[in-house]
Amino acid sequence: MFRFLAIAVTLGLLGVNLGGCAAALVGGLIYKSTKSNEEKAAFVTNLQKTNLEREKAHLKPLDWCSEAYKFDKGWATENTECQQRVAAYEAGDKSALTP
């Protein structure tokens, strides 16, 4: 009887603890893949500024798909061209996200 009670209590505590972890993990994944419109606008503005500075220094501009993938994979794959390049990159073609 005591052993059954100990197992029941242990399983109950594990269920509560693991349930909290799963919720936090799912919440974190959702937060990670959804950037606010302000964050996206700031990203685009900063990328444009950086590319303008690179152009003045006679350097090649940064690739939008590569930089967007680093910023937010979900957002980058909304673009059809980037979606294909990201799929190729994740399939093993490491040159797919380099300009």
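Note that the structure is a prediction, hence the values are computed from the model and not measured.

A. The overall build of the protein chain, seen in detail. Counting its secondary structure elements, the protein chain contains five helices and zero strands. Contacts in the protein chain between residues at least 24 apart in sequence constitute 36% of all its contacts with a sequence separation of at least 6. Accessible surface, the protein chain: about 7,500 Å² in total, of which carbon and sulfur atoms supply 64%.

B. Focus on the nonpolar core. Judged by nonpolar contacts, Phe 43, Leu 47, Ala 68, Phe 71, Trp 75 and Ala 76 together constitute the single largest core of six residues. Of all the elements in the fold, those that place two or more residues in this core are helix H2 (37-56), helix H3 (64-71) and helix H4 (73-76). Discounting chain neighbours no more than four positions away, the residues touching Phe 71 are Lys 35, Glu 39, Lys 40 and Phe 43.

C. Summary view of the packing of H3 against helix H5 (residues 80-90). It is at 10 Å that the axes of H3 and H5 come closest, and there the two elements cross at 70°. Compared by their axis directions, H3 and H5 come out roughly perpendicular. Crossing of H3 over H5 shows right-handed handedness. On the side of H3, the interface is formed by Trp 64, Cys 65, Ser 66 and Tyr 69, while H5 contributes Cys 82, Arg 85, Val 86, Tyr 89 and Glu 90. Looking at the contact of H3 with H5 residue by residue, the class counts come to six nonpolar, one polar and two charged.

D. Geometry of the side chain of Asn 51. Tracing the backbone through its elements, the reader meets Asn 51 in helix H2. On the accessibility criterion, Asn 51 (18% relative accessible area) is buried. Contacts of Asn 51, omitting those with residues within four sequence positions, involve Pro 61 and Leu 62.

E. The packing of aromatic side chains, seen in detail. In the structure shown here, the tally under the stated rule is five aromatic pairs. The interplanar angle of 80° and the centroid separation of 5.6 Å between the aromatic rings of Phe 43 and Trp 75 together place this pair among those described as edge-to-face. Of this pair, Phe 43 sits in helix H2 while Trp 75 sits in helix H4, and the two are 32 residues apart along the sequence. Grouping residues by exposure puts Phe 43 and Trp 75 together as buried.

F. Geometry of the pattern of salt bridges. Considering all chains together, one arrives at four salt bridges under this definition. The partner of Lys 70 in a salt bridge is Glu 67, with the nearest N and O atoms 3.2 Å apart. You can see Lys 70 and its partner Glu 67 sitting in helix H3, three residues apart, about one turn around the helix. With relative accessibility at 61%, the residue Lys 70 sits in the exposed group. Relative accessible area serves as the criterion here: at 18%, Glu 67 is assigned to the buried category. Between Lys 73 and Glu 90 there is a salt bridge whose closest N-O contact spans 3.0 Å. With Lys 73 in helix H4 and Glu 90 in helix H5, the pair connects residues that are 17 residues apart, well separated along the chain.

Cut-off values and rules
The written sequence of each chain sets the order in which its residues are numbered from 1. Selection of residues for local features in this predicted model requires a pLDDT of at least 70, selection of side-chain atom pairs for listing and counting requires 80 or more, and totals for whole chains, interfaces and linings are taken over all residues. As a rule here, side-chain values come from all non-hydrogen atoms in the structure, and water together with hydrogens is ignored. The helix and strand labels rest on DSSP assignments: H or I over at least four residues marks a helix, E over at least two residues marks a strand, and numbering proceeds from the N terminus. Residue contacts are defined here by distance: any two heavy atoms, one from each residue, within 4.5 Å place the two residues in contact. The protein chains shown are the only cover counted for residues, whose accessible areas, like all others here, come from Shrake-Rupley with a 1.4 Å probe. We define the nonpolar core as a collection of buried residues of types Ala, Val, Leu, Ile, Met, Phe, Trp, Tyr and Cys that are connected through side-chain atoms lying within 4.5 Å of one another. Only protein chains enter the area calculation, which uses a 1.4 Å probe; residues under 20% of their type maximum are buried, those over 50% are exposed, and those in between are partly exposed. For helices, the axis comes from a line fit to the C-alpha atoms of the stretch in contact; other axes are also lines fit to C-alpha atoms, and the angle between any two N-to-C directions lies between 0 and 180 degrees. Every angle not falling under 35 degrees, over 145, or within 65 to 115 is termed oblique; those three ranges are roughly parallel, roughly antiparallel and roughly perpendicular. Each crossing gets its hand from how the near helix is turned against the far one by less than a right angle, where anticlockwise is left-handed and clockwise is right-handed. Residues are grouped as follows: Ala, Val, Leu, Ile, Met, Phe, Trp, Tyr, Cys and Pro are nonpolar; Asp, Glu, Lys and Arg are charged; every other residue, Gly included, is polar. Here is the rule: rings of Phe, Tyr and Trp (six-membered ring for Trp) pair when centre to centre is within 6.5 Å. Planes less than 30 degrees apart are stacked, more than 60 are edge-to-face, and the remainder are tilted. Put simply, a salt bridge is a Lys or Arg side-chain nitrogen that is within 4 Å of an Asp or Glu carboxyl oxygen.

Worth remembering: the numbers are spatial, not functional.
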